[in-house]
Amino acid sequence: MNLSAKTEYACVAVMELAARFDSGELARIKDIAAAHGIPSRFLVQILLQLKSAGYVESTRGAAGGYRLSKDPADLTLGEVMAVIDGNSDCVRSNINGQTPATTTLLSAWQQACDAQQEVLHAATFADLLQQMRGRTADMYYI
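These numbers were taken from a predicted model, which means no experiment stands behind them. (Residues numbered from 1 in each chain as written. Predicted model: local features only at pLDDT ≥ 70, side-chain atom pairs only at ≥ 80, totals over all residues. Heavy atoms only, no water.)

## Focus: the pattern of salt bridges
In step 1: The final tally for this structure, using the stated rule, is five salt bridges.
In step 2: Between D31 and R28 there is a salt bridge, with the nearest N and O atoms lying 3.9 Å from each other.
In step 3: One salt bridge in this structure joins E79 and K70, with 3.2 Å as the shortest N-O distance.
In step 4: Via salt bridges that share partners, E16, R20 and E25 belong to a single interconnected network. (Salt bridge = Lys/Arg side-chain N within 4 Å of Asp/Glu carboxyl O.)

If you want it as structure tokens, here you go:
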């Protein structure tokens, strides 16, 4: 799977917003950008795209910021990726004409794509947040 920087940044931003969901705390663009090395200008565009899709809300002003408009348990990785990348077909042939070899290969690639989409649409941001918290809880410093 090849991820664009835009898709990766969007998913990281949604993770940040998911982490604040229960508290209702707003996240500021500059804080998300600084914490993850994401260019602020790019992050603005990404959050606007997620806002247009109805996944993010914003509040203006000095105390403003962004928050998820959907519970992280009801928002999947596949949904966010589809907003950013579009719902394009995973597999397209570059060969004109079908042969038994190309048909067989395309079938196998499509099965892999379908399995990938199933995993992405089953992974909620609440699940991912729980996994992330489990990883940081196991860390210790000397």
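Let us keep going from here.
## What about the packing of helix α1 (residues 5-20) against helix α3 (residues 40-52)?
The geometry of a pair of packed helices is captured by two quantities: the angle between their axes and the separation between those axes.
In step 1: In the contact formed by α1 and α3, the axes pass within 10 Å of each other and the chain directions differ by 70°. With respect to each other, α1 and α3 are oriented roughly perpendicular. Where α1 approaches α3, its residues A5, K6, Y9, A10, A13, V14 and L17 are matched on the opposing element by F42, L43, I46, L47, Q49 and L50.
In step 2: Looking at the contact of α1 with α3 residue by residue, the class counts come to eleven nonpolar, one polar and one charged. (Axes fitted to C-alpha atoms, helices over the stretch in contact; angles between N-to-C directions. Helix = DSSP H or I, 4+ residues; strand = E, 2+ residues; numbered from the N terminus. Parallel < 35°, antiparallel > 145°, perpendicular 65-115°, else oblique. Contact = heavy atoms within 4.5 Å. Nonpolar A, V, L, I, M, F, W, Y, C, P; charged D, E, K, R; others polar.)

## Observations regarding the side chain of T76
In step 1: Positionally, T76 belongs in the loop between β2 (65-68) and α4 (77-85).
In step 2: Residue T76 is classed as buried on the basis of its relative accessible area, which comes to 9%.
In step 3: Contacts of T76, omitting those with residues within four sequence positions, involve L120, H121, A123, T124 and F125. (Buried < 20%, exposed > 50% of the residue type's maximum accessible area, 1.4 Å probe, protein only.)

## Considering the pairing of strand β1 (residues 56-59)
In step 1: As judged from the four bridges shared by β1 and β2, these two strands associate in the antiparallel manner. From the neighbouring strand, T59 faces β2, where its bridge partner is G65.
In step 2: Between β1 and β2, which pair antiparallel one after the other, the connecting turn spans five residues, and G61 there sits at a positive phi close to 105°. (Pairing = 2+ DSSP bridges.)

## Brief notes about the environment of I29
In step 1: Its location among the elements puts I29 in helix α2 (residues 29-36).
In step 2: Here the alpha-carbon distance between I29 and L43, two residues 14 residues apart in the chain, equals 7.0 Å.
In step 3: Here I29 is in contact with S40, L43, V44, L47 and Y66, once residues within four sequence places are set aside.

## Section: the side chain of T7
In step 1: Checked against the element boundaries, T7 lands in helix α1.
In step 2: On the basis of relative accessibility, which here comes to 1%, the residue T7 falls in the buried class.

## Section: the nonpolar core
In step 1: L47, L50 and F125 are the most contacted members of the largest nonpolar core, which totals 31 residues.
In step 2: For this core, the secondary structure elements donating two or more residues are α1, α2, α3, β2, α4 and α6 (125-137).
In step 3: Per element, the largest residue contribution to this core is eight residues, and it comes from α1.
In step 4: With residues up to four places along the chain from it excluded, the contact list for F125 reads C11, V14, M15, A18, P72, L75, T76, L77 and V80. (Core = buried A, V, L, I, M, F, W, Y, C linked by side-chain atoms within 4.5 Å.)

## Comments concerning the packing of aromatic side chains
In step 1: Following the criterion strictly, the structure yields one aromatic pair and no others.
In step 2: With 5.6 Å between their ring centres and 85° between their planes, Y9 and F42 make a pair best called edge-to-face. One end of the pair, Y9, is in helix α1; the other, F42, is in helix α3, and 33 residues separate them in sequence. (Phe/Tyr/Trp six-rings, centres within 6.5 Å; stacked < 30°, edge-to-face > 60°.)

Worth remembering: the numbers are spatial, not functional.
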